[in-house]
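Working through the structure, step by step
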Amino acid sequence: MAEVKASLICGVVVAFLSSAVLAVVEDLDDTFKQARLDDVWLVDFYAPWCGYCKKLEPIWQDVGAELKSSGSPVRVGKMDATAYSGIASEFGVRGYPTIKLLKGDLAYNYKGPRTKDDIIEFANRVAGPAVRALPSKQMFEHMMKRHDVLFVYVGGESPLKEKYIDVASELIVYTYFFSASEDVLPETVTLPELPSVVVFKDGAYFTYDEYEDGTLSSWVNKERFQGYLEIDGFTLYELGETGSVGLQLMWYFTLLSFAFRLKTLIQRVAKEYREHFNRDFQFGHMDGNDYINSLIMGEVTVPSVIILNTSNEQYFLPSEPTETMEQLVQFINSVLNGSAQAYGGDGIIQRVKRVAFDARSTIMSVFRSSPILGCFLFGLPLGVISLMCYGICTAESDDSADDIDLLKREGLTDEEEEEEDERRRAHELEGPEDGENEEEDEEDLEEKHRYIPYSVTYCLCTDGR
């Protein structure tokens, strides 16, 4: 009896906790459009049939619970975009799930990894002010420890500060922006002039120069990445988006499967040759070769050094093994001056080849993992298609024979048709003579059957006159 009571109590507690968690994520309807302006909202636009949406659902519940318990002003909700398609369209929802943070009249898209920590970081960053103040050296040092890349505006009111605030409002979805006075910075930091915009990363700092670096937005977009980083599919997508947003020059990305020697070599080039290559290259490593194999439609040895131009999907391979810094620098310079041979591209032929390669790779992976499932998925449709083709070919053959007979009929003149009809009627009235063999001559039989369709067609024509 005690065990039953304990089980009931546990069930009640679990149900209560579950309902409490669910309560922190609000189901939104069409009244949300007017009510949203009073608060900051983090909304998941989903579709009930979407598999990715179902996968995100438990993570979304954790996000709501975490933000609620931490006292965040961000309210978390979810909306069925298929039931409220009008509102979803107004917010620019094109796929599922779509995560947006709505702050006043502004809507910020979340494009990062769908993990609880990344989503919460995004919500707290965007919900706050676009530019945060650093009032002391202690706060500056604390922020330096928390962030790999730190943008700081130094100085008082100026047109540059207005541009900085505009850029921060646009790019806060990617990184933090701060402002400080000059005495807050370390004594080792020397600025050429005030006001200035400075980025701290990779153990150094770099100052924005309008004449050399172009627009502030493009400079921030480029500098928000570390000089050397681990690249995955999401990071590669972000790098490609960055190149298309503000940079006028081509962006190249050096990718390699993990190997300590090559990693150290490329890290040295990224740091020591920053002034030469930073404008055009982003350095990093990619653990694994699946993406590169799909790109070049082949098998890349591990480790390898590859330069990829994401704007046109061209790639470059060194003509000889890269073992020294001089060889790597020479290879990069050959890409810059156009002497290196380019492979791949985004032409029509390459796209068709890539689709065929991806389809073949998918089929082979299915057969390797589950041969029976592969036979069912691909063998059954092929069998059905084969039967359909056979039926179509057979039907075409019969129709072709009829068409030939009709063509023969059309080739006769009116006089020939009348003579043929009279001959057929006379033959039917006479009938077989006595003593004559009942078996008809094979040639006459064939001739009779050959003209029956013509006679029927002729009779129909005369009746219709």
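For the chain, the name recorded in an unreviewed UniProt entry is Protein disulfide-isomerase TMX3, with Myripristis murdjan as its organism. Taken from UniProt, the Subcellular location (unreviewed entry) comment for the chain reads in full: "Endoplasmic reticulum membrane". In the Catalytic activity (unreviewed entry) part of its UniProt record, the chain is described as follows: "Catalyzes the rearrangement of -S-S- bonds in proteins."

Describing the overall build of the chain
Helix and strand content of the chain: 18 helices and 16 strands. Per-residue burial over the chain gives 37% buried out of 465 residues. Long-range pairs, those at least 24 residues apart, make up 72% of the contacts in the chain with a sequence separation of at least 6. Looking at the chain as shown, the accessible area adds up to about 28,500 Å², and 55% of this sits on carbon and sulfur atoms.

Section: the packing of helix α7 (residues 159–171) against helix α9 (residues 216–223)
Running from amino to carboxyl end, α7 crosses α9 at an angle of 50 degrees, the nearest separation of the two axes being 10 Å. By the criterion of interaxial angle, the relationship of α7 to α9 is oblique. For the pair α7 and α9, the sense of crossing is right-handed. The segment α7 lies against α9, with Leu-160, Lys-163, Tyr-164, Val-167, Glu-170 and Leu-171 engaging Leu-216, Ser-217, Val-220 and Asn-221.

Some remarks on the environment of Val-131
Take Val-131: it is sitting in the loop between α5 (116–127) and β6 (132–133). Residue Val-131 is classed as partly exposed on the basis of its relative accessible area, which comes to 22%. As for Val-131 and Ser-179, which are separated by 48 residues in sequence, their C-alpha atoms are 6.6 Å apart. Not counting chain neighbours up to four residues away, the residues in contact with Val-131 comprise Tyr-164, Ile-165, Ala-168, Phe-177, Phe-178 and Ser-179.

Structural notes on the packing of aromatic side chains
If you walk through the whole model with that rule in mind, you get 17 aromatic pairs. Between Tyr-110 and Phe-122, the aromatic rings sit 4.8 Å apart at their centres with planes inclined by 55 degrees, giving tilted as the arrangement. With a gap of 12 residues between them, Tyr-110 in strand β5 (residues 106–110) and Phe-122 in helix α5 connect regions that are remote in the sequence. Comparing Tyr-110 with Phe-122 shows no difference in burial state: the two are buried. Counting every residue linked through ring pairs, the aromatic cluster contains Phe-151, Tyr-153, Tyr-164, Phe-177, Tyr-208 and Trp-219.

Quick look at the nonpolar core
In terms of nonpolar packing, the biggest core is built from 22 residues, with Leu-42, Leu-67, Leu-101, Ile-119 and Phe-122 touching the most fellow members. Non-local contacts of Ile-119, meaning those with residues more than four positions away in its chain, are made with Leu-42, Leu-56, Ile-59, Trp-60, Val-63, Ile-99, Tyr-110, Pro-113 and Arg-114. Formed by 19 residues, the second largest nonpolar core is a distinct cluster that contains Leu-265, Phe-277, Ile-307 and Phe-316.

A closer look at the sheet that holds strand β2 (residues 40–46)
Picture the strands of a sheet paired through backbone hydrogen bonds; they go either parallel or antiparallel. In space, the five strands of this open sheet follow the order β1-β3-β2-β4-β5, with mixed pairing throughout. Of all strands in the sheet, those bounded by a partner on one side alone are β1 (25–27) and β5. The mean inter-strand angle of the sheet, taken between neighbouring strand axes irrespective of direction, is 30 degrees. Where strand β4 (residues 98–103) meets β5, five bridges bridge the pair, whose relative direction is antiparallel. Its bridge partner being in β5, Leu-101 is matched across the sheet by Tyr-108. Packing of α5 onto the sheet brings it into contact with β2, β3 (74–80), β4 and β5, and relative to β4 it is tilted by some 25 degrees.

Looking at the confidence of the model for the chain
Here the chain shows a mean pLDDT of 76. Residues at 70 or above account for 72%. Below pLDDT 50 for its whole length, residues 434–440 participates in two contacts with residues either more than four positions away or in separate chains.

So, the packing of helix α3 (residues 51–69) against α5
Taken N-terminus to C-terminus, the directions of α3 and α5 make an angle of 45 degrees; their axes are 9 Å apart at the nearest point. On the basis of their axis angle, the class for α3 and α5 is oblique. For the pair α3 and α5, the sense of crossing is right-handed. In this structure, α3 uses Leu-56, Ile-59, Trp-60, Asp-62, Val-63, Glu-66 and Leu-67 to contact α5, whose residues at the interface are Lys-116, Ile-119, Ile-120, Ala-123 and Asn-124.

Points about the sheet that holds β6
A sheet is described by the order of its strands in space; here five strands give the open sequence β6-β8-β7-β9-β10, paired in mixed fashion. Either end of the sheet is taken by a strand with one partner, and the two such strands are β6 and β10 (204–207). Two elements, strand β7 (residues 150–154) and strand β8 (residues 177–180), share four bridges in a ladder whose sense is parallel. Across the sheet, residue Val-154 finds its bridge partner in β8, namely Ala-180. Against the sheet, α9 makes contact with β7, β8, β9 (196–201) and β10, and its axis sits at roughly 10 degrees relative to β9, the strand it touches most.

Remarks on the pattern of salt bridges
This model, assessed by the stated rule, comprises 11 salt bridges. In this structure, Lys-222 and Glu-223 form a salt bridge, with 3.3 Å as the shortest nitrogen-oxygen distance. Both residues of the pair, Lys-222 and Glu-223, count as buried. Connected through shared salt-bridge partners, Lys-201, Lys-222, Glu-223 and Arg-274 make up one network.

Quick notes on helix α11 (residues 260–272)
Helix length check: α11, at 13 residues, gives a terminal C-alpha distance of 18 Å against a target of 18 Å (1.5 Å per residue), a fit within 8%. If you check which residues of α11 are buried, you get Leu-262, Leu-265, Ile-266, Val-269 and Ala-270. The buried residues of α11 occupy an angular sector of 135 degrees when the element is viewed end-on, so they sit on one face. For α11, exposure combined with an orientation more than 90 degrees from the buried face picks out Phe-260 and Lys-271.

Topic: the pairing of β8
Here β8 shows two buried faces, one formed by Phe-177 and Ser-179 and the other by Phe-178 and Ala-180. Chirality of the crossover, the property in question, places the unit of β7, α7 and β8 among those that are right-handed.

Reading the values: rules and limits
- Residues numbered from 1 in each chain as written.
- Predicted model: local features only at pLDDT ≥ 70, side-chain atom pairs only at ≥ 80, totals over all residues.
- Heavy atoms only, no water.
- UniProt positions renumbered as here; feature names shortened; annotations may be inferred.
- Helix = DSSP H or I, 4+ residues; strand = E, 2+ residues; numbered from the N terminus.
- Buried < 20%, exposed > 50% of the residue type's maximum accessible area, 1.4 Å probe, protein only.
- Contact = heavy atoms within 4.5 Å.
- Areas by Shrake-Rupley, 256 points an atom, 1.4 Å probe, with all protein chains shown as cover.
- Axes fitted to C-alpha atoms, helices over the stretch in contact; angles between N-to-C directions.
- Parallel < 35°, antiparallel > 145°, perpendicular 65-115°, else oblique.
- Left-handed = near helix turned anticlockwise from the far one by under 90°.
- Phe/Tyr/Trp six-rings, centres within 6.5 Å; stacked < 30°, edge-to-face > 60°.
- Core = buried A, V, L, I, M, F, W, Y, C linked by side-chain atoms within 4.5 Å.
- Pairing = 2+ DSSP bridges.
- pLDDT = per-residue confidence, 0-100.
- Salt bridge = Lys/Arg side-chain N within 4 Å of Asp/Glu carboxyl O.
- Expected span 1.5 Å × (residues − 1).
- Arc of directions from axis to C-beta.
- Right-handed = clockwise from strand over helix to strand, strands pointing away.

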